[in-house]
Amino acid sequence: MEAPMLLLGVLGDFWTQSLRFLSLRDEAVRAALFGGVLLGIGCGVLGAHVVARRFALLGDTLSHAVLPGVGAGFLVTMTKQSAWVPIGAAVAGVLGVLTVRLLTKQMRLKQDTAMALVLSVFFAAGAALLTHIQQIPGGAKAGLDRFLFGQAAALSSTDIATLGVITLLACIYVAVFNRELVAGGFDTVFSRSSGLPVRLVDAGLFLLVTVLVVAGLQAAGAVMVSALLVVPAATGSLLCKRLPQLVMVSGALGAVACGLGAYSSMLAAALPTGPLMVLWSSVGFGLVFLLAPERGVIATWWRQFIRIRRMDRENLLKGWYQAVERGGFFEDSVPLEVLAQQRGQTLEETGPVIHSLERSGLATRTSTGDAILLTEKGWRRAVELVRNHRLWELYLHEAARLPADHLHESAEEAEHWIGDKLAQSLEKRLGHAQHDPHGRIIPRIGRGRSGQEPGT
Amino acid sequence: MNGWWIQELGLYGWVFIMGLLVITACGLSGSWLVVRGNAMIGDALSHAALPGIAIAYLISGSRSTVAMLLGALCAGLVCTASITWLQTRRSIKQDAAIGVSFSALFAFGVVLIALFANRIELDLHCVLYGEIGFVGFRDVMQLPGGFEAPVAVVRMAWVTVAAALFCVGGYRALLAGSFDDGLARTTGLGAKMATHGLMAILAVVVVAAFEAVGAILVVAMLVLPAASAMMLTKRMPLVLAIAPVFALISAAGGLQLGLWLNCSIAAAMVLAGAACFILAMAIGPRGLMMRRRNAG
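Residues numbered from 1 in each chain as written. Chains lettered and ligands numbered in written order. Predicted model: local features only at pLDDT ≥ 70, side-chain atom pairs only at ≥ 80, totals over all residues. Heavy atoms only, no water.

## Let's talk about the environment of Leu374 of chain A
All names here are of chain A.
Part 1 of the reasoning: Tracing the backbone through its elements, the reader meets Leu374 in strand β3 (residues 371–374).
Part 2 of the reasoning: Look at Leu374 and you get buried, because its relative accessible area is 5%.
Part 3 of the reasoning: Residues Leu374 and Ala233, spaced 141 residues apart in sequence, show a C-alpha to C-alpha distance of 51 Å. (Helix = DSSP H or I, 4+ residues; strand = E, 2+ residues; numbered from the N terminus. Buried < 20%, exposed > 50% of the residue type's maximum accessible area, 1.4 Å probe, protein only.)

## Concerning the pairing of β3 of chain A
Along any regular strand the residues' side chains alternate between the sheet's two faces.
All names here are of chain A.
Part 1 of the reasoning: When strand β1 (residues 334–335) meets β3, the two strands line up antiparallel, connected through two bridges. Bridge assignment links Pro335 to a residue of β3, and that residue is Ala371.
Part 2 of the reasoning: Here three bridges tie strand β2 (residues 363–365) to β3, and the two strands are oriented antiparallel to one another. Pairing of Thr364 across the sheet is with Leu373, part of β3.
Part 3 of the reasoning: What sits between β2 and β3 in their antiparallel hairpin is a turn of five residues, with Gly369 showing a positive phi close to 80°. (Pairing = 2+ DSSP bridges.)

## Comments concerning the packing of helix α3 (residues 65–86) of chain B against helix α4 (residues 94–115) of chain B
How two helices sit against one another is set out by the angle between their axes and by the gap between those axes.
Residue and element names in this part refer to chain B.
Part 1 of the reasoning: Relative to each other, α3 and α4 sit at 145°, their axes nearing to 8 Å. As α3 packs across α4, the resulting crossing turns out to be right-handed. Taken together, the residues of α4 that come into contact with α3 (itself represented by Ala75, Val78, Cys79, Ser82, Ile83 and Leu86) are Ala97, Ile98, Val100, Ser101, Phe102 and Leu105.
Part 2 of the reasoning: Considering only residue class, the contact of α3 with α4 consists of ten nonpolar, two polar and no charged. (Axes fitted to C-alpha atoms, helices over the stretch in contact; angles between N-to-C directions. Left-handed = near helix turned anticlockwise from the far one by under 90°. Contact = heavy atoms within 4.5 Å. Nonpolar A, V, L, I, M, F, W, Y, C, P; charged D, E, K, R; others polar.)

## Concerning the sheet that holds β2 of chain A
Residues and elements named next belong to chain A.
Part 1 of the reasoning: Spatially, the three strands line up as an open sheet ordered β1-β3-β2, and their pairing is antiparallel. Each edge of the open sheet carries a strand with a single partner, namely β1 and β2.
Part 2 of the reasoning: Along the sheet, helix α17 (residues 347–359) contacts β2 and β3; its crossing angle with β2, the most-contacted strand, is approximately 115°.

## So, the confidence of the model for chain A
Residues and elements named next belong to chain A.
Part 1 of the reasoning: Predicted confidence across chain A gives a mean pLDDT of 84, with 91% of residues reaching 70 or more.
Part 2 of the reasoning: Summarising per-element confidence for chain A, the mean pLDDT is lowest in helix α7 (residues 144–149) (63) and highest in helix α14 (residues 273–291) (93).
Part 3 of the reasoning: Segment residues 138–142: pLDDT under 50, and eleven contacts once partners within four positions in sequence are set aside and those in other chains are kept.
Part 4 of the reasoning: When the criterion is pLDDT under 50, residues 450–456 qualifies, and its contacts beyond four places in sequence or with other chains add up to nine contacts. (pLDDT = per-residue confidence, 0-100.)

## Overview of helix α8 (residues 157–176) of chain A
Part 1 of the reasoning: For α8 of chain A, built from 20 residues, the straight-helix expectation of 28 Å at 1.5 Å per residue is met to within 8% by its first-to-last C-alpha distance of 28 Å.
Part 2 of the reasoning: Against the buried residues of α8 of chain A lie α2 (27–52), α9 (178–184), α11 (198–220) and α13 (243–267) of chain A. (Expected span 1.5 Å × (residues − 1).)

## Things to note about the nonpolar core
Part 1 of the reasoning: Grouped together as the largest cluster of nonpolar side chains are 180 residues, with contacts concentrated most on Leu46, Leu103 and Phe285 of chain A together with Val22, Val213 and Phe277 of chain B.
Part 2 of the reasoning: A total of 26 residues in this core trace back to one element, the largest contributor, which is helix α9 (residues 189–229) of chain B.
Part 3 of the reasoning: Contacts of Phe277 of chain B, omitting those with residues within four sequence positions, involve Leu103, Leu109 and Leu117 of chain A together with Leu224, Ala227, Ser228 and Met231 of chain B.
Part 4 of the reasoning: One finds Leu339, Val353, Ile372 and Leu374 of chain A within the second-largest nonpolar core, a separate group that totals 21 residues. (Core = buried A, V, L, I, M, F, W, Y, C linked by side-chain atoms within 4.5 Å.)

## What to know about the interface of chain B and chain A
Part 1 of the reasoning: On the side of chain A, 59 residues touch chain B, which itself brings 56 residues to the contact.
Part 2 of the reasoning: With both chains or domains summed, chain B and chain A bury close to 4,700 Å², and 78% of this area falls on carbon and sulfur atoms.
Part 3 of the reasoning: The interface formed by chain B and chain A holds zero salt bridges in total.
Part 4 of the reasoning: Those elements that provide at least two residues to the side of chain B that touches chain A are α1 (4–35), α2 (40–60), α3, α4, α5 (124–129), α9, α11 (265–283) and α12 (288–295) of chain B.
Part 5 of the reasoning: Here the residues of the side of chain B that touches chain A sort into 39 nonpolar, eleven polar and six charged. (Buried area = accessible area lost by both parts, 1.4 Å probe. Salt bridge = Lys/Arg side-chain N within 4 Å of Asp/Glu carboxyl O.)

## Brief notes about the side chain of His416 of chain A
Residue and element names in this part refer to chain A.
Part 1 of the reasoning: Structurally, His416 can be placed in the loop between α19 (408–414) and α20 (420–429).
Part 2 of the reasoning: A polar contact is formed between the side chain of His416 and the side chain of Glu314, at a distance of 2.5 Å.
Part 3 of the reasoning: Setting aside residues up to four positions removed in sequence, His416 forms contacts with Arg310, Met311, Glu314, Asn315, Arg381 and Leu385. (Polar contact = N/O pair within 3.5 Å; in protein donor to acceptor, adjacent residues only side chain to side chain.)

Shown next, in the form of structure tokens:
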């Protein structure tokens, strides 16, 4: 009797809390939700471009490189809330990005080495500064915890407004300069000579990312902002390829993840919002990774599974043709045992493939049930396969000058994907030859069953 | 008689030795990362270790370093496995795979620690920044020969020796896997195992170094020695040989700097290392001056 009551109690609690969340009564809830969602959109939108340029770890680099700026800003007024802190952070961030660029372009360091250097050395400078500050009388702990993990519920309305402005700017920027940004992602001679102000627009992108990271530090903390720049965009890339769609999908995913983060943070009061937002976006990533229609893991397995079954069926069709051919096309059907023997399998093992042939309408059983006939569709496909196989062998033999014993394996693969058009080009190129390198006849489509006589 | 050795060396002597050990271990294993263009994996591993440490703490109920190392090792392996698996999708490139993997793991770790705050005594501050100046030098152990040394230093020494053995001993296999994918494949098992081994060693080195320098400064120590060495030479054996020398200079210089500036000694050691890097960049045979001269 107790357990159901307990469960009801928990559910009831859950319901009340959810309603409270949705009613937006608490200021903390409003702060976390609005701030979070705005951050999510901004990070998704800018992150799409960052990830597309394979610069995904830039957020990570930036979020650590801003530390000296935080310290320096703090030093100016010795208060945590001064406006100099974000300004200092932004300056440090910009310097960081410039240093990475300098190291990669001038010093030819690899990009990852440059980023790791900037990330850690700048951070060290910041740590040195901040630990030095802590020794100064009056130098209160400069809120390093908040720097790292954020405190979304404590966002003031100015903070949220700032986030809103930055996000809006980001969206407009990305929309207006879409062409230049796409071109800039390739860094080709074309983009440089095309007259579009690609370099300038690029600089603007990185500046916006820096500003967003600084603004987001307060809401979600350093490591989490960098995560929000990567995860929603990576999720989006599994769903769409073209940049405009990617930007929108990433922004939406970021918003949802951050909203859920704010929600769950409210339900579980002890848990910090930032990491929860990242966890939700990771869950989203995981789901899409598995379930995405084209690029998802499950979709890929399914396609592979279907392909293997198709190949099994087609190999059996080919085996049927070859068996009938050996008998001079005298028989109409082939016993199941012969087919099984040809594949080196037992009757039980071949059974499923034969069922599959029947289900696909490619073959039917004879009245005795121990042999199969091909339908018109099956016959046609069998002829195609054999034609493809032998044409390909002839082609390899003639054009690539491969010896006769090197041809079979390649043809075993090629026969399944050679289409009518390619087959016709091959036939033409090979002068409509009649025989393959092993002396077997290359069948033609459209002759009907009786037309398999050589020389006709 | 007891403890005279420590008193002789003074507290700062041990700090110096700890720094030397940490930077050598990191520099040797990090060199292989830098050469492979994979330096950010050091950052990823150091963030990803967090849930491993938290879970190890929960399971073992103690702050045993061995438990933490094992936990970090497992987390590191999960992270590298995830990075590899994510890249099987063509849309996910290596940088995105790294970012997603360690971000998810780190967030998970933070949430774990918050959930079980009453049972996990991890001082996140300490994990993230470390403080070489305050490493538990009070716990001492006896060494053969009548010497005494802090337990932490001895532990780090073991890790450094293991790292050195692996990075130098596995030279051929690591080299094969670093440059030529084709060569790696034909060499077969050797190169792949070497890469897995490198990741494992890195996970251990990174966490062992946490105590001293914290999770983020570790990244500097992984990368700076090799980056500086590459301003001087192109040859891998020399790069590896320069690492301990670099460690010596940064540890000594950093200690002095930290004491002078009255700031975190670990951060100071990184800054000293950065100074070496800038110096090497400026005047090294493969550095800035040479490039300018060759280009002009």
